[in-house]
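# Examining the three-dimensional arrangement
Residue strings, one per chain:
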Amino acid sequence: MSPTVLPIVLIVDNDSINRSLLAELMQNDCRIIMAGDGESAIARAREEPDIDLILLDVSMPQMDGYEVMKELRQEPHTAATAVIFITAATETGSEEFGLSLGAIDYLHKPIRPAIVQARVRNHLKFVAQRKELERLADRDGLTSIANRRHFDLILERAWWRATRTGESLNLAMIDVDHFKRYNDRHGHSAGDEALRRIAQVLARTARRTHEVAARYGGDEFVLLLSAGTDLESMLEQARSEVAALNLARAGSDRRSVVTISCGGVTADVNCTPSPAALLRQADVLLYKAKRQGRNRVVVQRCTPPPEANSC
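In this report, the structure presented in the accompanying data block is examined. (Residues numbered from 1 in each chain as written. Predicted model: local features only at pLDDT ≥ 70, side-chain atom pairs only at ≥ 80, totals over all residues. Heavy atoms only, no water.)

### Topic: the overall build of the protein chain
Stated formally: Helical segments are the DSSP runs of H or I of at least four residues, strand segments are the runs of E of at least two, and each set is numbered from the N terminus. The contact definition used throughout considers only heavy atoms, calling two residues in contact when any of these lie within 4.5 Å. Computed with the Shrake-Rupley method and a 1.4 Å probe, the accessible areas treat only the protein chains shown as cover for residues. Counted as positive: Lys and Arg. Counted as negative: Asp and Glu. His and the chain ends are not counted at all. Throughout, a charge is located at the NZ atom of Lys, the CZ atom of Arg, the CG atom of Asp or the CD atom of Glu.
Of regular secondary structure, the protein chain possesses 10 helices and 10 strands. Counting only C-alpha atoms, the protein chain reaches 80 × 50 × 30 Å along its principal axes. Long-range contacts, defined here as pairs at least 24 residues apart, represent 63% of the contacts in the protein chain between residues at least 6 apart. Approximately 15900 Å² of the protein chain is accessible, and the part contributed by carbon and sulfur atoms is 48%. Here the protein chain carries 40 positive and 42 negative side-chain charges, and the mean point of each set is 9 Å from the other.

In structure tokens form, the structure reads like this:
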């Protein structure tokens, strides 16, 4: 049985006593991370992309909770993160303003432990339910791996993250060779099963955090792999594993099996103008693999030339 994954809660308060009190109340239900000011809160949210809930103090020096909230809403991976404001203010206008920014609730100081625990637990249940619905909506119905909608979202987030870190992106487009012939000979049920088995191979390739294998449409798949990955080696392994499935292909040679062609690109984000452009590069390389005879991998590294902003 896999271990239970605790929800992640970020506590932001410039008062260390308040931070410790809140952390102690929730330590058995959550994984707690903390920040003592607005700037460090934003930095922690960037470093930890899977935060489920943020408890955010309104009154902090330099950068108050409202300013932090506005910054969080501007960044793709924190735009929908649930936020509960914590405040000592009692004015209705203050609470209305916070809710208008997108906060899901308000907690008032002095902290009442039973109220905090109940509200946090309730909101975390809602977050978990929402994530499960999103997970189901993000799955491809046939293969159970990610669908195109989810992949496009993950790629956008990865692109945004890479612009800050300077890391490269590894992207590959994969197509099943002569898949129409396979469907025509063996039938669509067999074709569906072949796609499911190929998807399982690709899913095993994308095992790390932030990696994703997706069905992009029809018999076309896409992979996003971590920075530092030997993309060509990983794609060659996937190509070999698909061939090893021994899915008999239609044709004069009954010994032939279903294969895939792969086009991959490793690129710095300042080498291509957008995620869509990166996809186009991978697609061009995929069709190069097909023109060279299929059942092969073509990979290219894209880096900006010296004193240039694009390649």
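Further notes follow.
### As for the pattern of salt bridges
Where charged atoms of side chains with opposite charge meet at close range, the side chains can pair. Put simply, the test is: The working definition used for a salt bridge is a side-chain nitrogen of Lys or Arg within 4 Å of a carboxyl oxygen of Asp or Glu. The cut-offs for exposure are 20% and 50% of the maximum accessible area for each residue type, with area from a 1.4 Å probe on protein chains only; residues under the lower value are buried, those over the upper are exposed, and the others partly exposed.
Under the defined criterion, the tally for this structure stands at 18 salt bridges. Note that Arg 31 and Glu 48 form a salt bridge whose closest N and O atoms lie 3.0 Å from each other. Here the residue Arg 31 occupies a position in strand β2 (residues 31–35), and Glu 48 occupies one in the loop between α2 (38–47) and β3 (53–57), the gap between them amounting to 17 residues. Judged by relative accessible area, which is 38%, Arg 31 ranks as partly exposed. The buried category is assigned to Glu 48, whose relative accessible area is 19%. Here Arg 119 makes a salt bridge to Asp 105, at a shortest N to O gap of 3.4 Å. Highlighted residues: Arg 119 in helix α5 (residues 113–137) and Asp 105 in strand β5 (residues 105–108), separated in sequence by 14 residues.

### As for the packing of helix α8 (residues 188–205) against helix α9 (residues 231–244)
Note the cut-off: Angles here are taken between N-to-C directions and fall from 0 to 180 degrees, while the axes themselves are lines fitted to C-alpha atoms, restricted in helices to the stretch in contact. Note on terminology: angles under 35 degrees are roughly parallel, angles over 145 are roughly antiparallel, angles of 65 to 115 are roughly perpendicular, and the others are oblique. Left-handed describes a crossing in which the near helix is turned anticlockwise from the far one by less than a right angle; the clockwise case is right-handed. Classification used: nonpolar for Ala, Val, Leu, Ile, Met, Phe, Trp, Tyr, Cys and Pro, charged for Asp, Glu, Lys and Arg, polar for all others including Gly.
Between α8 and α9, whose axes approach to 10 Å, the crossing angle comes to 155°. With respect to α9, the axis of α8 lies roughly antiparallel. Read as a crossing pair, α8 and α9 show a hand that is right-handed. Residues Ile 198, Val 201, Leu 202, Arg 204 and Thr 205 of α8 pack against Met 234, Ala 238, Glu 241 and Val 242 of α9. When the residues that make up the contact of α8 with α9 are grouped by side-chain class, the tally is 6 nonpolar, 1 polar and 2 charged.

### A few points about unusual backbone geometry
The residue after Lys 109, namely Pro 110, is reached through a cis peptide bond having omega 0°. One can find Pro 110 in the loop between β5 and α5. A positive phi angle is found at Arg 294, which is not glycine, with a value near 70°. Examined against the element boundaries, Arg 294 turns out to sit in the loop between α10 (275–291) and β10 (297–302).

### Comments concerning the sheet that holds strand β8 (residues 220–225)
Rule in force here: Strands pair, by our definition, only if DSSP identifies at least two bridges between them.
One open sheet accounts for 5 strands, arranged β7-β8-β6-β9-β10; its pairing is mixed. The sheet is open, and its two edges are formed by β7 (212–217) and β10, each paired on a single side. In this sheet, adjacent strand axes meet at a mean angle of 15° when their direction is disregarded. The sheet contact formed by β7 and β8 spans 5 bridges and is antiparallel. If you follow Ala 213 over to β8, its bridge partner there is Leu 223. Against the sheet, helix α6 (residues 148–165) touches β6 (169–176), β7 and β8, its axis set at about 130° to β7.

### Some points on the pairing of β2
To keep things clear, this is the line we draw: Seen with its strands pointing away from the viewer, a crossover is right-handed when the path leading from the first strand over the helix to the second is clockwise.
As paired strands, strand β1 (residues 8–12) and β2 are joined by 5 bridges and run parallel to one another. By the bridge assignment for β2, Val 9 is matched with Ile 32. Each parallel crossover has a hand, and for β1 linked through helix α1 (residues 16–26) to β2 it is right-handed.

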